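Residues per chain, in single letters:
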Amino acid sequence: MLIGELSKQTGASARSIRHYEKLGIIGSHRAENGYRRYSEETVEWVKAIRFLLCGGLSLSTIARILPALMNINCKLEDPEIRRVIEEEAINVKSRMEQLDQSHRILTAALEKGYLRRPSE
DNA sequence: ATTCTTACA
DNA sequence: TGTAAGCA
């Protein structure tokens, strides 16, 4: 299928699809006219990319785990993949703590009616 | 009509 | 990532 149909079936823009390909996350072969052609399974790959993206993973991180993840083992058997995911979980936890701190500062300001200046 | 590459008031 | 431009 051409990029237009892949886009239609996955919801990803042609621009994004070309970007994923440039990053090596998905592949394609060219037709005589130079148009990109994708296999049916690429649809699943792009859907997986979008899913992981919604999970907060960066494209560079996805590029590292998706290949193995889409392979024979969708289980986390590969220790390398497992490691990457564990690191991501830690990053997410870290971000949650940052957000919690922001939340505390904001709610405290609302309760007291003013923002506490660090210099005083 | 659709895709391609390149580039950014 | 969007979008416009100029081709094929």
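In this text, all values refer to a predicted model and were calculated from it rather than measured experimentally.

Draft legend 1. Structural view of the pattern of salt bridges. Per the counting criterion, the structure on display carries four salt bridges. We note a salt bridge from Arg 36 to Glu 21, for which the minimum N-O separation is 3.2 Å. On the criterion of sequence distance, the pair formed by Arg 36 in strand 2 (residues 36-37) and Glu 21 in helix 2 (residues 14-22) is long-range, its members being 15 residues apart. Glu 21 sits in the buried class, given a relative accessible area of 17%.

Draft legend 2. Looking closely at the protein's contact with DNA strand B. In the vicinity of DNA strand B, the contacting residues are Leu 2, Ile 3, Gly 4, Arg 15, Arg 18, Arg 30, Gly 34, Tyr 35 and Arg 36. A share of 81% is what sugar and phosphate atoms reach among the atoms of DNA strand B within 4 Å of the protein. Note that a phosphate oxygen of DNA strand B is positioned 2.8 Å from one of the backbone N or O atoms of Gly 4. The contact in question runs from a phosphate oxygen of DNA strand B to an N or O atom on the side chain of Arg 30, over 2.9 Å.

Draft legend 3. Expanded view of the protein's contact with DNA strand C. In the vicinity of DNA strand C, the contacting residues are Ser 13, Arg 15, Ser 16, Tyr 20 and Tyr 35. Protein-adjacent atoms of DNA strand C, using a 4 Å cutoff, are sugar or phosphate at a proportion of 43%. A distance of 2.7 Å separates a phosphate oxygen of DNA strand C from a polar atom in the side chain of Ser 13. Residues belonging to the surface near DNA strand C are distributed by class as follows: two nonpolar, two polar and one charged.

Draft legend 4. A look at the environment of Gly 27. Tracing the chain through its elements places Gly 27 in the loop between helix 2 and strand 1 (29-30). In sequence terms Gly 27 and Ala 63 are 36 residues apart; their C-alpha atoms lie 12 Å from each other.

Draft legend 5. Summary view of a nonpolar patch on the surface. A surface patch of nonpolar side chains, amounting to about 320 Å² of accessible area, comprises Ile 105, Leu 106 and Leu 115. Checked against the element boundaries, Leu 106 lands in helix 5 (residues 79-112).

Draft legend 6. The packing of helix 4 (residues 59-70) against helix 5, seen in detail. Between helix 4 and helix 5, whose axes approach to 10 Å, the crossing angle comes to 140°. The angle between helix 4 and helix 5 falls in the class oblique. Judged by the twist between their axes, the crossing of helix 4 over helix 5 is left-handed. Counting all contacts with helix 4, which are made through Thr 61, Arg 64, Ile 65, Ala 68 and Leu 69, the residues of helix 5 involved are Ile 81, Val 84, Ile 85 and Glu 88. Partitioning the contact of helix 4 with helix 5 into residue classes produces six nonpolar, one polar and two charged.

Draft legend 7. Just the UniProt feature "domain: HTH merR-type" (unreviewed entry) in chain A, in detail. According to UniProt, the positions carrying the feature "domain: HTH merR-type" (unreviewed entry) are residues 1-68. As annotated, residues 1-68 has a helix share of 60% and a strand share of 6%, and its two end C-alpha atoms lie 24 Å apart.

Draft legend 8. Structural view of the packing of helix 1 (residues 3-10) against helix 3 (residues 41-54). Between helix 1 and helix 3, the least distance of the axes is 10 Å, while the angle of their chain directions is 50°. One way to sum up the angle between helix 1 and helix 3 is to call them oblique. Helix-helix and strand crossings are classified by hand; for helix 1 and helix 3 the assignment is right-handed. Facing helix 1, whose interface residues are Leu 6, Gln 9 and Thr 10, helix 3 presents Thr 42, Val 43, Val 46, Lys 47 and Arg 50. Here the contact of helix 1 with helix 3 is composed, by residue class, of three nonpolar, three polar and two charged.

Cut-offs used in this document
- Residues numbered from 1 in each chain as written.
- Chains lettered and ligands numbered in written order.
- Predicted model: local features only at pLDDT ≥ 70, side-chain atom pairs only at ≥ 80, totals over all residues.
- Heavy atoms only, no water.
- Salt bridge = Lys/Arg side-chain N within 4 Å of Asp/Glu carboxyl O.
- Helix = DSSP H or I, 4+ residues; strand = E, 2+ residues; numbered from the N terminus.
- Buried < 20%, exposed > 50% of the residue type's maximum accessible area, 1.4 Å probe, protein only.
- Near = heavy atom within 4 Å.
- Polar contact = N/O pair within 3.5 Å; in protein donor to acceptor, adjacent residues only side chain to side chain.
- Nonpolar A, V, L, I, M, F, W, Y, C, P; charged D, E, K, R; others polar.
- Patch = residues over 30% accessible without salt bridge, like charges linked within 9 Å, V, L, I, M, F, W, Y side chains within 5 Å.
- Areas by Shrake-Rupley, 256 points an atom, 1.4 Å probe, with all protein chains shown as cover.
- Axes fitted to C-alpha atoms, helices over the stretch in contact; angles between N-to-C directions.
- Parallel < 35°, antiparallel > 145°, perpendicular 65-115°, else oblique.
- Left-handed = near helix turned anticlockwise from the far one by under 90°.
- Contact = heavy atoms within 4.5 Å.
- UniProt positions renumbered as here; feature names shortened; annotations may be inferred.

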